[in-house]
Amino acid sequence: TITVTTTDGGFTASSAITVQGISVTGVQVAPLTATLNVGETRTLTPTVAPANATNQAVSWESDRTDIAQVDAAGTVTAVAPGSATITVTTTDGGFTASSAITVQGISVTGVQVAPLTATLSIGVTRTLYPTVTPANATNQAVSWASDHPNIAQVDAAGIVTAMAPGSATITVTTADGGFTASSAITVQGIPVLGVNITPSMVTLQINESRQLNAIVDPSDATYKAVYWYSNNPSIAAVDRNGLVTGLQVGTTQILAQTQDNNFTATAIVEIVAPQDLESKTAENIFIYPNPANSSIRVKGLSAPSYTISVYNLQGIKLITEEIRYETNYTLNIDPLPYGSYFLSVATNKEIRMIHFSKLTR
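Residues numbered from 1 in each chain as written. Predicted model: local features only at pLDDT ≥ 70, side-chain atom pairs only at ≥ 80, totals over all residues. Heavy atoms only, no water.

A. Structural context of the overall build of the chain. Each helix and strand counted, the chain has 1 helix and 36 strands in total. Relative to the compact-globule value of 21 Å for 361 residues, the chain shows a C-alpha radius of gyration of 50 Å, a clear excess of over 25%. Overall, the chain is about 180 × 40 × 25 Å in size when its C-alpha atoms are taken along their principal axes. Sequence separation of 24 or more characterises 55% of the internal contacts of the chain that already satisfy a separation of 6 or more. Total accessible area on the chain is roughly 19300 Å²; 51% of this is exposed by carbon and sulfur atoms. (Helix = DSSP H or I, 4+ residues; strand = E, 2+ residues; numbered from the N terminus. Rg over C-alpha atoms; globule rule 2.2 N^0.38 Å. Contact = heavy atoms within 4.5 Å. Areas by Shrake-Rupley, 256 points an atom, 1.4 Å probe, with all protein chains shown as cover.)

The structure is reproduced here in structure tokens:
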């Protein structure tokens, strides 16, 4: 209010004056666009027009706070890859301006895998571990592939399963950038641990054949092939499948050797003349005690002379004694170690094989 007063008499009069502020006419923002990596910040600057506008106050807002957030000072924080619009609004007049914000993820620059090599047995699994660089790369996704899935398969989690003997390369590939790393996988077969022959003792006539079977341990060993051979092919021959054929009277060993680890098993094969077979299989000769400690008694001897021999399970002759005109005979086995053996009682016409066990030495 403006008041005028007279000097003479002090008379007054007043005028009401209203002073208006300078109104806002618009606003701009800088920069109009910006590209940020996840985690980065950038401050936007508003410019209110006119520059001398009385009320310079503004507010800020993001249309995608999951991608970019903005505070009251106009500082933008990149949250996740994508696009967002940041809008500034004047308090006086509600004028607006916007900045387009693009948020980029942190790019992958490489990948490694551990272990670089692994050796597995069939059926065994192993997890491979990828390391994406940098550690804070936005997209850590990877995929896995095997160049020989018939040998080693790999799933989406990097778990390798050994399928068959051989070598395979497992490759991990990043979704961002297609970077790769590889692990060399060697798959071993299940090894052979031993072999047995059934039957372990065979009696044949001349020109008679009998099939022997090699039982490989374990039953699921990868390489179960065996080689067959005879220690004396003139007495008994064996083919590649274990079929034994008697050729002349006598005793020999048939051996089966595994191709994997070279384990060997032995069968004792006796070849008799056709007329001797009935005598050989008769139960007229027997031994006791069985099992035995230091000696065994052989009973039922009726021929003028015998050759008594002891073989181990590998067909190696350990004891041989010639006896004449005995019906009962005591054989000293005290030198033998604990184990299983075969006793051979032979004349010039017949052979009888008896299995026995030695308990102590």
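Past the structure itself, the notes keep going.
B. Structural context of the confidence of the model for the chain. Per-residue confidence for the chain averages 90 on the pLDDT scale, and 96% of its residues sit at or above 70. This stretch, residues 275–283, has a pLDDT under 50; its non-local contacts, to residues over four places away or in other chains, come to 16 contacts. (pLDDT = per-residue confidence, 0-100.)

C. Summary view of the sheet that holds strand β13 (residues 117–121). Taken in spatial order, the 4 strands make up an open sheet running β13-β20-β19-β16, and their pairing is mixed. Of all strands in the sheet, those with a lone pairing partner are β13 and β16 (142–146), marking the two edges. Direction aside, neighbouring strands of the sheet carry axes that sit 25° apart on average. Of the pairings in the sheet, the one linking strand β19 (residues 166–174) to strand β20 (residues 180–188) comprises 8 bridges and is antiparallel in character. Residue pairing across strands places T171 opposite S182, the latter belonging to β20. (Pairing = 2+ DSSP bridges. Axes fitted to C-alpha atoms, helices over the stretch in contact; angles between N-to-C directions.)

D. Looking closely at the nonpolar core. Formed by 21 residues in total, the largest nonpolar core has its most connected members in L331, L343 and F356. Elements supplying a minimum of two residues to this core: β31 (295–299), β32 (305–312), β33 (317–324), β34 (328–332), β35 (339–346) and β36 (351–358). Beyond its immediate chain neighbours, meaning those up to four positions away, F356 contacts I287, N290, I296, V310, I333, L336, G339, S340, Y341, F342 and L343. (Core = buried A, V, L, I, M, F, W, Y, C linked by side-chain atoms within 4.5 Å. Buried < 20%, exposed > 50% of the residue type's maximum accessible area, 1.4 Å probe, protein only.)

E. Broad picture of the packing of aromatic side chains. All chains considered together, the criterion is met by 2 aromatic pairs. When the centroid spacing of 5.7 Å and the interplanar angle of 25° are considered together, the rings of Y341 and F356 count as stacked. Taken together, the residues Y341 in strand β35 and F356 in strand β36 connect sequence positions 15 residues apart. Across this residue pair, the class does not change: Y341 and F356 are buried. (Phe/Tyr/Trp six-rings, centres within 6.5 Å; stacked < 30°, edge-to-face > 60°.)

F. Looking closely at the sheet that holds strand β17 (residues 152–154). Taking strand neighbours across the sheet as the criterion, the 3 strands line up as β14-β18-β17 in an open arrangement whose pairing is antiparallel. What marks the edges here is a single partner per strand, and that holds for β14 (125–127) and β17. Sheet twist, expressed as the average angle between the axes of neighbouring strands with direction ignored, equals 25°. In terms of strand pairing, β14 meets strand β18 (residues 159–162) through 3 bridges, oriented antiparallel. Counted as the bridge partner of T125 is T161 from β18.

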